[in-house]
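Structural overview
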Amino acid sequence: MRIYIVAFIAALIALPAMAEQAIKLKQAPGVDKVEANCQACHTLAYIPMNSPFLNAGGWTAEVTKMIKAYGAPIEDADAKAIADYLAKNYGT
């Protein structure tokens, strides 16, 4: 039983360190808007993780969902720049 407790505590200590790995997005127009707006609420790891599944329309829908459903405070011009960046650099 003690080994399980020690393993559990070790996992609790290690997981935050692993989660804080820096995500390097492709440097292109709009990356500043993505970094400034998106990572305020969640990790940027979602971008490359979802890129195999989303085309331009999918990324636009995701950005719209973040604003309308989750209340992300993103200006319309920034939302367009973010969706364009994601479609061009991480779209299918």
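Up top is the structure these notes are about.
Let me sum up the structure you'll find in this document. (Residues numbered from 1 in each chain as written. Predicted model: local features only at pLDDT ≥ 70, side-chain atom pairs only at ≥ 80, totals over all residues. Heavy atoms only, no water.)

**A short note on the packing of aromatic side chains**
Here is the rule we go by: Two rings from Phe, Tyr or Trp (for Trp, the six-membered ring) form a pair when their centres sit within 6.5 Å of each other. Planes less than 30 degrees apart are called stacked, planes more than 60 degrees apart edge-to-face, and all others tilted. Per-residue accessibility, obtained with a 1.4 Å probe over protein chains only, is compared with the maximum for each type, and a residue is labelled buried under 20%, exposed over 50%, and partly exposed between these values. Whether a charge sits over a ring comes down to the Lys NZ or Arg CZ being within 6 Å of the ring centre and within 35 degrees of the ring normal.
This structure, assessed with the given rule, holds 1 aromatic pair. Geometrically, the ring pair formed by Tyr85 and Tyr90 is tilted, given 6.0 Å between the ring centres and 55° between the ring planes. A relative accessible area of 1% means that Tyr85 is categorised as buried. A relative accessible area of 9% places Tyr90 in the buried class. The ring of Tyr90 has Lys26 lying over it, and the distance from NZ or CZ to the ring centre is 4.8 Å.

**Focus: the nonpolar core**
What counts is decided by this rule: Definition used in this section: a nonpolar core is a set of buried Ala, Val, Leu, Ile, Met, Phe, Trp, Tyr and Cys residues joined via side-chain atoms within 4.5 Å. Under the DSSP-based scheme used, a helix requires at least four consecutive residues in state H or I and a strand at least two consecutive residues in state E, with every element numbered from the N terminus. The contact definition used throughout considers only heavy atoms, calling two residues in contact when any of these lie within 4.5 Å.
One finds Leu25, Val34, Ile47, Ile82, Tyr85, Leu86 and Tyr90 to be the most contacted residues of the largest nonpolar core, which totals 17 residues. Elements that contribute at least two residues to this core include exactly helix 2 (31-37), helix 4 (56-68) and helix 5 (76-90). Top element by residues in this core is helix 5. It accounts for 6 residues. The residues contacting Ile82, other than those within four sequence positions of it, are Lys33, Val34, Asn37, Cys38, Val63 and Ile74.

**Details of the pattern of salt bridges**
Which entries qualify depends on this criterion: When a carboxyl oxygen of Asp or Glu is within 4 Å of a side-chain nitrogen of Lys or Arg, the pair counts as a salt bridge.
Enumeration over the complete set of coordinates arrives at 3 salt bridges. Close ionic contact of Lys65 with Glu62 constitutes a salt bridge, the shortest N to O distance being 3.3 Å. Of this pair, Lys65 and Glu62 both sit in helix 4, 3 residues apart, which is roughly one turn of that helix. Given a relative accessible area of 32%, Lys65 falls into the partly exposed group.

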